[in-house]
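Tertiary structure, described
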Amino acid sequence: MYVVLLKFSGNKSKAPDLMDGHNVWIREGFEAGVFLAAGSLQPNAGGGILAHGTTREALDARIAADPFVAAGVVTADVLEITPARTDPRLDFLKA
C-alpha cells in the first residue's frame, strides 16, 4: 500500500490550467483499480492519494504521468506501508 503526497511547489499558479488533465489522471487511477482514495491536503497544500495493487515502479510511472507532476506544480512523495493490522473491512490491504 502506498500513500502519495502531492505537495504544491513554487509553480502552484499553473494548477488551474492543468486541472482538467489532473482530474482525468485521477479518474484513470481509480478506473485502473490503483487509487483507493484521493483528496486535498489541508490547508490548500496539495493532494493525497491512497494507492494499492501495483508495484512501486508502476506507481512511479503513473505519478510521472500526472500533468501536475510533469509541469512541476507539485512534487510527489511516496510512502510505502506494509499493513500488519487492519480493521476487518481493510483486510485486503494486508501483505
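Residues numbered from 1 in each chain as written. Predicted model: local features only at pLDDT ≥ 70, side-chain atom pairs only at ≥ 80, totals over all residues. Heavy atoms only, no water.

A few words now on the sheet that holds strand 3 (residues 46-51). Strand order in the open sheet formed by four strands is 2-3-1-4, and the pairing between neighbours is antiparallel. Strands at the two margins of the open sheet, each flanked by one partner only, are strand 2 (35-41) and strand 4 (74-80). Pairs of neighbouring strands in the sheet enclose a mean axial angle of 15°, with direction left out of account. Against the sheet, helix 1 (residues 15-31) contacts strand 1 (2-8), strand 2 and strand 3, and its axis sits at roughly 155° relative to strand 2. Helix 2 (residues 56-64) contacts strand 1, strand 2, strand 3 and strand 4 of the sheet and is inclined by roughly 165° relative to strand 4. (Pairing = 2+ DSSP bridges. Helix = DSSP H or I, 4+ residues; strand = E, 2+ residues; numbered from the N terminus. Axes fitted to C-alpha atoms, helices over the stretch in contact; angles between N-to-C directions. Contact = heavy atoms within 4.5 Å.)

What follows deals with the pairing of strand 3. Among the six residues of strand 3, five are classified as buried, and the element is accordingly described as predominantly covered. By the bridge criterion, six bridges tie strand 1 to strand 3 in an arrangement that is antiparallel. Residue Val-3 lies in a different strand from strand 3, and its bridge partner there is Leu-50. Looking at chain direction, strand 2 and strand 3 are connected through six bridges and run antiparallel. Bridge pairing in strand 3 places Ser-40 opposite Gly-47. Counting the residues in the hairpin turn of strand 2 and strand 3 gives four residues, including Asn-44, whose phi is positive at 45°. (Buried < 20%, exposed > 50% of the residue type's maximum accessible area, 1.4 Å probe, protein only.)

Glancing now at the packing of aromatic side chains. Evaluated as defined, the whole model comprises two aromatic pairs. On the numbers, 5.3 Å between centres and 65° between planes, the contact of Trp-25 with Phe-35 is edge-to-face. Within this pair, whereas Trp-25 is found in helix 1, its partner Phe-35 is found in strand 2, the two being separated by 10 residues in sequence. Look at Phe-30 and Phe-35: their rings are 6.0 Å apart centre to centre, the planes differ by 90°, and that puts the pair in the edge-to-face class. Ring pairing ties together the aromatic residues Trp-25, Phe-30 and Phe-35, which thus form one cluster. Seen from the ring of Phe-35, Arg-62 lies directly overhead, with NZ or CZ sitting 6.0 Å from the centre. (Phe/Tyr/Trp six-rings, centres within 6.5 Å; stacked < 30°, edge-to-face > 60°. Lys NZ or Arg CZ within 6 Å of the ring centre and 35° of its normal.)

This part covers the nonpolar core. Residues Val-4 and Leu-59 are the most contacted members of the largest nonpolar core, which totals 16 residues. Excluding residues that lie within four positions of it along the chain, Leu-59 makes contacts with Tyr-2, Val-4, Val-34, Ala-51, Thr-54 and Val-78. (Core = buried A, V, L, I, M, F, W, Y, C linked by side-chain atoms within 4.5 Å.)

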